[in-house]
There are 2 protein chains.
Amino acid sequence: MTGSPLLADLIEALRCLPGVGGKSAQRMAFHLLERDRERGLKLAAALEQAMQRIGHCNRCRNFSEDPLCALCANSSRDRQVLCVVESPVDVAAIEQATGYRGQYFVLMGRLSPLDGLGPEELGLGLLTQRLGEGEIEEMIIATNPTVEGEATAHYLAQLARAGGIRPTRLAHGVPLGGELEFVDRGTLAHAFGRRQIVE
Amino acid sequence: MTGSPLLADLIEALRCLPGVGGKSAQRMAFHLLERDRERGLKLAAALEQAMQRIGHCNRCRNFSEDPLCALCANSSRDRQVLCVVESPVDVAAIEQATGYRGQYFVLMGRLSPLDGLGPEELGLGLLTQRLGEGEIEEMIIATNPTVEGEATAHYLAQLARAGGIRPTRLAHGVPLGGELEFVDRGTLAHAFGRRQIVE
Ligand SMILES: [Zn+2]
Ligand SMILES: [Zn+2]
């Protein structure tokens, strides 16, 4: 079709990116070849490094190439507040939208027995251990407002209370059934500021 | 922001892709890391190979990692017809949409004196040499119907005639399945003027 097997390979490989179909993969490949080979090579290197070297932080489970991620290693952040989220995108969204300066814990999922995701898969042992260290006073539960996210929030609130820690939840404002990642900054910042104690 | 410098690098590097902003770069990076590292590595390798090894076919100027591209090297294609296009995307579009089995010549641009694109930059010396070989009987001029594309087409038609070759142009008109009210005035006027007898 294109006359170049390497180009056909590239177009096919670009389709691994979410939201990229055949037409846009083709457009991307031509654009890089015609105008931006240097940045194409940089992207290749960045991809290889990221895929091979990024693992998970030993403390918060977020993506990290070091045993301790940059957020956990930052000694200027508040150690009394822990925000628990489902995914690294939620950490990025909260960091971008709010002035939050505390710690995080990333579940890398939500309780979902049908998908084989239980307390162990979500690292709740590590979380319990963390709560037992005695520094944390408030656990901000920022799971998504979906059925599974709410069930996970309920479970997390129990964990917090058992450890003598105050569980809070983001204020309403986050649309029901929506995902944090796609909430606009203003709404997210508002909801974050009005987080409420879980009764 | 993400806690991982390598991840921040990857998100930044993904923005070299046309149509990819910060949000979708982030989504792409997380998707690959969470679900598809193997395909991410494949994409890295495909990008590196393509950026480093793809040049231009010596005969048609299309992208090719070999001196002769796969289309030019294909001996089963008709050698009497040459289709001249502006860009490799046009070759791909024609190959996908039509049953064309002839040869191509890719200008990698259009005549545009203000951008420093003249006959030399478009490889018209190579094209003239090709026309002089004596095999080609028809030159299908498939430049885009823009002002510069039309000027280029005019120039190409003269080249063809000078070589005793029949120049042809794609038919203009109302797109199939298009609605008259949404067709631009110029196209509509053209299609109206060139109306044909219904057999
Ligand atoms: Zn961490
Ligand atoms: Zn060729």
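The structure presented is a predicted model; accordingly, all values stated were derived computationally and were not measured.

Chemist: Tell me about the overall build of chain A, and please be specific about residues and values.
Modeler: Scanning chain A from terminus to terminus reveals eight helices and seven strands. Here chain A holds 199 residues, and the buried ones make up 53% of them. Once local pairs closer than 6 in sequence are excluded, the contacts in chain A between residues at least 24 apart make up 55%. For chain A, the computed accessible surface area is about 9,200 Å², with 50% contributed by carbon and sulfur atoms. Distance from the positive charge centre (21 side chains) to the negative charge centre (25 side chains) of chain A: 5 Å.

Chemist: Account for the packing of helix 5 (residues 88-97) of chain A against helix 2 (residues 22-35) of chain B, naming residues and giving values.
Modeler: It is at 10 Å that the axes of helix 5 of chain A and helix 2 of chain B come closest, and there the two elements cross at 150°. Judged on the interaxial angle alone, helix 2 of chain B and helix 5 of chain A are roughly antiparallel. Touching Pro 88, Val 89, Ala 92 and Gln 96 of chain A of helix 5 of chain A are Gln 26, Phe 30 and Glu 34 of chain B, all from helix 2 of chain B. The residue inventory of the contact of helix 5 of chain A with helix 2 of chain B, partitioned by class, reads four nonpolar, two polar and one charged.

Chemist: Go over the coordination of the zinc ion (ligand 2) with me, naming the residues and quoting the values.
Modeler: Residue and element names in this part refer to chain B. For the zinc ion (ligand 2), the full set of protein donor atoms is Cys 57 (SG), Cys 60 (SG), Cys 69 (SG) and Cys 72 (SG), at a range of 2.3 to 2.4 Å. For the zinc ion (ligand 2), the four donor atoms are set out with angles of 105 to 117° between them, so the coordination reads as tetrahedral. All donors to the zinc ion (ligand 2) come from one chain, and their sequence spacing reads C-x2-C-x8-C-x2-C. Remark: Cys 72 occurs in helix 4 (residues 70-73) and Cys 60 occurs in the loop between strand 1 (55-56) and strand 2 (63-64); sequence separation between them is 12 residues.

Chemist: Any details on the coordination of the zinc ion (ligand 1)? Residues and values, ideally.
Modeler: Residues and elements named next belong to chain A. For the zinc ion (ligand 1), every protein donor is listed as Cys 57 (SG), Cys 60 (SG), Cys 69 (SG) and Cys 72 (SG), and the spread of their distances is 2.3 to 2.4 Å. The coordination sphere of the zinc ion (ligand 1) comprises four donor atoms, whose angles at the metal cover 105 to 119°; the geometry is tetrahedral. Sequence positions of the residues that donate to the zinc ion (ligand 1) give the spacing C-x2-C-x8-C-x2-C. Its relative accessible area of 7% is what places Cys 72 among the buried residues.

Chemist: How would you sum up the domain arrangement of chain A? Please name residues and give values.
Modeler: Quite often, the size of an interface is put as the accessible area lost when its parts meet. Segmentation of chain A into domains returns domain 1 (5-53) and domain 2 (76-169). Of note, the centres of domain 1 of chain A and domain 2 of chain A, computed from C-alpha atoms alone, are 35 Å apart.

Chemist: Give me the interface of chain B and chain A: which residues, what numbers.
Modeler: On the chain A side, the residues contacting the 57 residues of chain B number 57 residues. Between chain B and chain A lies a buried interface of about 5,300 Å² when both sides are counted; carbon and sulfur atoms form 71% of it. Three residues stand out in chain B for area buried against chain A, namely Leu 6, Met 51 and Phe 63 of chain B, and they jointly supply 13% of the buried area on that side. Our count for the chain B to chain A interface comes out at zero salt bridges. If you look at where chain B meets chain A, you find eight residue pairs in polar contact (both at pLDDT 80 or more).

Chemist: Describe the side chain of Gln 103 of chain A, naming the residues involved and giving the relevant values.
Modeler: All names here are of chain A. If you trace the backbone, Gln 103 turns up in strand 4 (residues 103-106). Judged by its relative accessible area of 3%, Gln 103 falls in the buried class. A distance of 3.1 Å separates a polar atom in the side chain of Gln 103 from the backbone oxygen of Asp 78. For Gln 103, the residues in contact, after removing those within four places along its chain, are Cys 72, Arg 77, Asp 78, Arg 79, Val 81, Leu 82, Cys 83 and Arg 130.

Chemist: Explain helix 5 (residues 88-97) of chain B to me, and be specific about the residues and the numbers.
Modeler: Every buried residue of helix 5 of chain B is listed here: Pro 88, Asp 90, Val 91, Ala 92, Ile 94 and Glu 95 of chain B. If you follow the buried residues of helix 5 of chain B, they end up packed against helix 2 (22-35) of chain A together with strand 2, helix 4, strand 3 (81-85) and strand 4 (103-106) of chain B. N-cap assignment for helix 5 of chain B: the residue whose side-chain oxygen lies 3.1 Å from the backbone N of Val 89 of chain B is Ser 87 of chain B.

Chemist: Before we move on, could you go through the environment of Gly 40 of chain A and cite the residues and values that matter?
Modeler: Tracing the sequence through the fold places Gly 40 of chain A in helix 3 (residues 37-53). Look at Gly 40 of chain A and you get buried, because its relative accessible area is 0%. As a C-alpha pair, Gly 40 of chain A and His 56 of chain A span 16 residues in sequence and 27 Å in three-dimensional space. If sequence neighbours within four positions are ignored, Gly 40 of chain A has contacts with Leu 32 of chain A together with Leu 47 and Met 51 of chain B.

Chemist: Summarise unusual backbone geometry; cite the residues concerned and give the values.
Modeler: Residues and elements named next belong to chain A. The backbone of Arg 61 shows a phi angle near 70°, a positive value even though the residue is not glycine. Mapping Arg 61 onto the fold places it in the loop between strand 1 (55-56) and strand 2 (63-64). Of note, Met 108 is a non-glycine position whose phi angle comes to about 55°, a positive value. By the element assignment, Met 108 lies in the loop between strand 4 and helix 6 (124-131). The class of Met 108 is partly exposed, set by a relative accessible area of 26%.

Conventions adopted
Residues numbered from 1 in each chain as written. Chains lettered and ligands numbered in written order. Predicted model: local features only at pLDDT ≥ 70, side-chain atom pairs only at ≥ 80, totals over all residues. Heavy atoms only, no water. Helix = DSSP H or I, 4+ residues; strand = E, 2+ residues; numbered from the N terminus. Buried < 20%, exposed > 50% of the residue type's maximum accessible area, 1.4 Å probe, protein only. Contact = heavy atoms within 4.5 Å. Areas by Shrake-Rupley, 256 points an atom, 1.4 Å probe, with all protein chains shown as cover. Lys, Arg positive; Asp, Glu negative; His and termini not counted. Charge placed at Lys NZ, Arg CZ, Asp CG, Glu CD. Axes fitted to C-alpha atoms, helices over the stretch in contact; angles between N-to-C directions. Parallel < 35°, antiparallel > 145°, perpendicular 65-115°, else oblique. Nonpolar A, V, L, I, M, F, W, Y, C, P; charged D, E, K, R; others polar. Donors = N, O, S within 2.8 Å, 3.2 Å for Na, K, Ca; no water. Tetrahedral: all angles 85-135°; square planar, octahedral: opposite > 155°, others 65-115°. Domains from an automatic or database assignment. Buried area = accessible area lost by both parts, 1.4 Å probe. Salt bridge = Lys/Arg side-chain N within 4 Å of Asp/Glu carboxyl O. Polar contact = N/O pair within 3.5 Å; in protein donor to acceptor, adjacent residues only side chain to side chain.

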